[in-house]
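# Coordinate analysis (summary)
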Amino acid sequence: MNSYKKIRKIVNFTEEEKRDMALKRVTTLKKKIKNYIEKKASIKTGFDIQDEYSAKKNLLLKYFSATNKDWNNWHWQLSHRITNVKNLRALSSFPDTVLKEIETVQSTFRWAVSPHYLSLINEKDPMDPIKMQSIPSIKETVHTGVADPMAEEFTSPAPCIVRRYPDRLIINVTNQCAMYCRHCQRRRNIGETDHQAAKTDINAALNYIRDNNEIRDVLVTGGDALLLNDNMLDWILTELDNIPHVEIKRIGTRTLVTLPQRVTDELCYILKKHPPVYINTQFNHPREITPESKTACDKLASAGVIMGNQSVLLKGINDDPDIIKKLNQELLKIRIRPYYLFQAKPVEGTMHFVTSIDKGLEIMKNLRGYTSGMAIPSYIVNAPNGYGKIPLLPEYIIDKHNNKLHLRTWEDRIIEYET
């Protein structure tokens, strides 16, 4: 109370003077956001490219002799992923240099792209953020980084389990994804074929949770957990519901981005039976936010599912404060709360995506104060060897002397604050 009284200065101003001060302040604030407002329209979302999307969609439907009903069927999308250069050549205008790079990379790292996600690519742009996340690059053959920077094999006390914290853990239930992201942290698990974990192994994981009553939070992931069939997902969630000390279930999925057709009425019916259910997803660029994604999110929200986004900071894709700001603002519009912005992990074959820590801190500095707090994620670096997440922030405490702090505001004003 004392510090508040000292900071608060009561000065008598006329109403006209106070209004004049407010208007001057508004002028300053407008100047601070002017550059973003001018740039914002040039950062496209998936809603802004619907003509291009429809044209590519029609090409794919014709190529596969399919219908709109097929397109909206997630099983069709999954079974018609583009996984070889022959199909990609017929369905795209990528130059031969790109196709040859893919042929070189695919002998080491598997790739697959859903028809939906392929339709979002701007093939004329060699630095297209959708292409860079989905189409192999020769840069992946530079074998720097490590296969398992999180040391998951040393933090797995039971089949399918990864445990790095006292009260929560992960169950890895499948290696399958609708698209194999080029920056994937678990690309070592992709293998040559899709498979879900054996039911005996999942049962062993569930038994581990039953035997450890401090576990209150379980993340079901993979791969992509929503590529399990409905019955298997329902069974896992039911088993977790029946463990008294499990308070919440989380599902790790990127299908809201790469395969939004997966969010069916049947799936939502299942999820609605098992509250509270949280979904962790990963949108990395505004172009990934499409009408199909919004429809999926509307269904999930109606089923009582709470959604959070975990972006990965990727060089050349989203390492720009304005792109991250636009992404997070657009996510809030479809009812997804920005949760984490992850520093890219030093995974083998993905080091060309890794930015500096300074870049991440710069982005965070340009979010705080410039957009609503709900649109600001935590910037996270994962400690090597499975020692957990480390939040990083720009420096706001300048120094401390006795009971006084010198603090930096979002505008770089230095203020004195008595503690």
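Everything that follows concerns the structure shown earlier in this document.
Structure report, in brief. Here the structure is a predicted model, which means the values were calculated and not measured. Residues take numbers from 1 onward in each chain, read along the sequence in its written order. This being a predicted model, a pLDDT of at least 70 is required before a residue's local features are given, and a value of 80 or more before pairs of side-chain atoms are given or counted; all residues contribute to the totals for chains, interfaces and linings. As a rule here, side-chain values cover all heavy atoms of the structure and leave hydrogens and water aside.

## Notes on the nonpolar core
- Working definition of a nonpolar core: buried Ala, Val, Leu, Ile, Met, Phe, Trp, Tyr and Cys residues. They are joined through side-chain atoms within 4.5 Å. Whether a residue is buried, partly exposed or exposed follows from its accessible area with a 1.4 Å probe, protein chains only, as a fraction of its type maximum: under 20%, in between, or over 50%, in that order. The biggest cluster of nonpolar side chains holds 81 residues, and the ones touching the most others in it are I171 and L256.
- Throughout, a residue-residue contact means that at least one pair of heavy atoms, one from each residue, lies within 4.5 Å. Setting aside chain neighbours within four positions, we find I171 in contact with C160, I161, A205, L206, I209, V218, L219, V220 and T221.
- Counting seven residues, the second largest nonpolar core, distinct from the first, contains V312, L314, F353 and V354.

## Let's talk about the sheet that holds strand β7 (residues 337-343)
- At least two bridges found by DSSP between two strands are what make those strands a pair. Here a helix means four or more residues in a row that DSSP labels H or I, a strand means two or more in a row labelled E, and each is numbered from the N terminus. Taken in spatial order, the nine strands of this open sheet run β1-β2-β3-β4-β5-β6-β7-β8-β9, and their pairing is mixed. Because the sheet does not close on itself, it has two edges, and the strands there are β1 (161-162) and β9 (389-392).
- In the sheet, strand β8 (residues 378-382) pairs with β9 via four bridges, with the strands oriented antiparallel. Opposite Y379, over in β9, you have L392 as the bridge partner.
- Helix axes are fitted to C-alpha atoms over the stretch in contact, other axes to C-alpha atoms as well, and angles between N-to-C directions run from 0 to 180 degrees. Strands in contact with helix α11 (residues 230-241) are β3 (217-221) and β4 (248-252); relative to β4, the strand with the most contacts, it is inclined by about 150°.

## Let's talk about the sheet that holds strand β11 (residues 404-408)
- Taken in spatial order, the three strands of this open sheet run β10-β11-β12, and their pairing is antiparallel. Either end of the sheet is taken by a strand with one partner, and the two such strands are β10 (397-401) and β12 (414-418). For this sheet, the mean angle separating the axes of adjacent strands, direction not counted, is 20°.
- Bridge count for β10 against β11 is four bridges, and the pairing is antiparallel. Each bridged residue has a counterpart across the sheet, and for D399 the counterpart in β11 is H406.

Nothing here speaks to function; it is all geometry.
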